[in-house]
Amino acid sequence: MLPGMTETLYNTQILRLAASIPHAVRLDGPQASVVRVSPICGSRVTVDLDLDDTGRVVRFGQEVRACALGQASAALLGTHIAGRSRAEIAAARDALAAYLKGEAETPGDWPGLELFAPARPHKARHGSILLAFQAAAQAADEAAVINPATLAPA
């Protein structure tokens, strides 16, 4: 481990978020349920969600088995996902991925994602950080298929 890496990546704000993941309960009978696993680190996130007839998230649950970075990312997702559209979730996933890769200067408009700036040079950490957003975007797409009214652009 590089000197100072732990302090940079696992700061107090990351650890607080990791300890307070909202919606950390699986849903009964969700429209969609997606499990994503990072092949690099083995982090695992399960997302359950329902969309309303306008394609916005009305119910959300998650089970997170990840490092503190993955847990913090899931906490930020869970805190702000209610009422979000499929397009907003996909845009957040894509913006965060571009930011981590250094292809964008900001992580987009999803609140709190700038917290992951210290992880940008640590490619092995990107998978865990992206996992919850990838699972949520996939689940939203799958839920939309169940209710065709939600397929219209948001």
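Look a little higher up for the structure.
Residues numbered from 1 in each chain as written. Predicted model: local features only at pLDDT ≥ 70, side-chain atom pairs only at ≥ 80, totals over all residues. Heavy atoms only, no water.

### Observations concerning the overall build of the protein chain
Counted only if it meets this: Put simply, DSSP H or I for four residues or longer makes a helix, DSSP E for two residues or longer makes a strand, and each gets a number counted from the N terminus. Using C-alpha atoms as the atom set, the radius of gyration is obtained and then compared with a globule rule of 2.2 Å times the number of residues to the power 0.38. For each residue, the accessible area found with a 1.4 Å probe, counting protein chains only, is set against the maximum for its type, and the residue is called buried under 20%, exposed over 50%, and partly exposed in between. Contacts are assigned to residue pairs with any non-hydrogen atoms lying within 4.5 Å of each other. Note on areas: Shrake-Rupley, 1.4 Å probe, and residue coverage restricted to the protein chains presented here.
Helix and strand counts for the protein chain stand at five helices and three strands. Going from the N terminus to the C terminus, the protein chain shows its helices and strands as α-α-β-β-β-α-α-α. Relative to its length of 154 residues, the protein chain is compact, with a C-alpha radius of gyration of 15 Å against a globular reference of 15 Å. Here the protein chain, with 154 residues, has 45% of them falling under the buried criterion. For the protein chain, restricting intrachain contacts to residue pairs at least 6 apart in sequence, the fraction spanning at least 24 positions comes to 62%. Only carbon and sulfur atoms are counted for the fraction: they give 54% of the accessible area of the protein chain, which is about 7400 Å².

### With respect to the packing of aromatic side chains
As a reminder of what qualifies: Two rings from Phe, Tyr or Trp (for Trp, the six-membered ring) form a pair when their centres sit within 6.5 Å of each other. Planes less than 30 degrees apart are called stacked, planes more than 60 degrees apart edge-to-face, and all others tilted. For a ring to carry a charge above it, either NZ of a lysine or CZ of an arginine must fall within 6 Å of the ring centroid while also lying within 35 degrees of the normal to the ring plane.
Under the counting rule described, the total for this entry stands at one aromatic pair. With centroids separated by 5.3 Å and ring planes inclined at 85°, the aromatic side chains of Trp110 and Phe133 adopt a geometry described as edge-to-face. Taken together, the positions of Trp110 in the loop between α4 (86-101) and α5 (123-146) and Phe133 in helix α5 put the pair 23 residues apart, joining distant regions of the chain. Across this residue pair, the class does not change: Trp110 and Phe133 are buried. Its guanidinium or amino end placed over the ring of Trp110, Arg84 lies 4.1 Å from that ring's centre, counting from NZ or CZ. The lysine or arginine in question, Arg120, covers the ring of Tyr99, its NZ or CZ lying 4.1 Å from the ring centre.

### Quick word on the state of the cysteines
Put simply, the rule is: The disulfide criterion used throughout: a pair of cysteine sulfur atoms within 2.5 Å.
Applying the stated criterion across every chain yields a total of zero disulfides. We note that Cys41 lacks a disulfide partner, and the nearest cysteine sulfur, in Cys67, lies 5.6 Å from it. On the basis of relative accessible area, Cys41 is assigned to the partly exposed category, the value being 40%. Residue classification places Cys67 among the partly exposed residues on the basis of a relative accessible area of 25%.

### Looking at the pairing of strand β2 (residues 44-51)
Rules: Strand pairing requires that DSSP identify at least two bridges connecting the strands.
In terms of residue burial, β2 counts as a mostly covered element, since seven of its eight residues are buried. Bridge analysis of strand β1 (residues 32-37) against β2 gives six bridges, and the strand direction is antiparallel. When the bridges of β2 are listed, Val37 appears paired with Arg44. Here β1 folds back onto β2, and the loop between the two strands holds six residues, one of which, Gly42, carries a positive phi near 85°. Alignment of β2 against strand β3 (residues 57-65), held across eight bridges, turns out to be antiparallel. For Asp48, the partnering residue across the bridge sits in β3 and is Gly61. Between β2 and β3, which pair antiparallel and follow one another directly, the connecting turn spans five residues, one of which, Gly55, has a positive phi of 85°.

### Topic: unusual backbone geometry
The backbone of His23 shows a phi angle near 60°, a positive value even though the residue is not glycine. Mapped onto the secondary structure, His23 falls in the loop between α2 (12-18) and β1.

### Overview of the sheet that holds β2
Heads up, the condition is: Axes here mean lines fitted to C-alpha atoms, for a helix over just the part in contact, with angles spanning 0 to 180 degrees between N-to-C directions.
Spatial ordering of the open sheet is given by β1-β2-β3, a layout of three strands whose pairing is antiparallel. Pairing within the sheet leaves two strands with one partner each, and these edge strands are β1 and β3. Recorded for the sheet is a direction-independent mean angle of 15° between the axes of neighbouring strands.

### Description of α4
Basically, it comes down to this: Residue count minus one, scaled by 1.5 Å, sets the expected span of a helix.
Given a rise of 1.5 Å per residue, 16 residues ought to cover 22 Å, and the 23 Å separating the end C-alpha atoms of α4 matches this to within 8%. Those residues of α4 that are buried are in contact with β3, α3 (68-80) and α5. Where α4 terminates, the next one or two residues include Gly102, which has phi positive at roughly 85°.

By themselves, these are just geometric observations and shouldn't be taken as functional.
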